[in-house]
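Notes for the structure review
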Amino acid sequence: MPKRENLMRLSRFKVTEKRRQVEQLQLMLNEFERMAAELDAQIANEEKKSGITDVTHFAYPTFAKAARTRRDNLMNSVGDLRIQMNAARLSLEEAEAEFANAEKLEQREAVEDRRPAVA
């Protein structure tokens, strides 16, 4: 039946698309966290060179201040991505449940199609 096939194809597509979205968000999260760690190392190195770790000090290194700002922005983005990731995972679970239901329906209809008609 074409309708059943279309339902299965649509459900399979939704699951594939949701998985791709989750994977993409995870890659972005990992990259942002890596970049933030690199910035932390650069900040520590700059503070070590200058000998000043107090951000409010008038001679605090400008590069370290800018790197801190970039790191803070990245960490804010990481928080936002985590929220998106949770929503995407829930959406994936829903799509997987819908696909499982469509598979069960297809199996049930296939069994019914094989039964001889009773006259």
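Cut-offs applied
Residues numbered from 1 in each chain as written. Predicted model: local features only at pLDDT ≥ 70, side-chain atom pairs only at ≥ 80, totals over all residues. Heavy atoms only, no water. Core = buried A, V, L, I, M, F, W, Y, C linked by side-chain atoms within 4.5 Å. Buried < 20%, exposed > 50% of the residue type's maximum accessible area, 1.4 Å probe, protein only. Helix = DSSP H or I, 4+ residues; strand = E, 2+ residues; numbered from the N terminus. Contact = heavy atoms within 4.5 Å.

Within soluble globular proteins, side chains that are nonpolar tend to cluster in buried spots. In terms of nonpolar packing, the biggest core is built from 13 residues, with Val15, Val22, Leu25, Leu29 and Met85 touching the most fellow members. Elements that contribute at least two residues to this core include exactly α1 (2-50) and α2 (62-114). The dominant element in this core, judged by the number of residues it contributes, is α2, at 8 residues. Residues contacting Val22, with those up to four places away along its chain left out, are Met85, Ala88, Arg89 and Leu92. Formed by 8 residues, the second largest nonpolar core is a distinct cluster that contains Leu39, Ile52, Tyr60 and Ala67.

Within the fold, Ser11 resides in helix α1. Residue classification places Ser11 among the buried positions, given a relative accessible area of 1%. Every residue in contact with Ser11, bar those within four places of it in the chain, is listed here: Glu98, Phe99 and Ala102.

Position of Glu17 among the secondary structure elements: in helix α1. Along the sequence, Glu17 and Ala95 sit 78 residues apart, while their C-alpha atoms lie 9.5 Å from each other.

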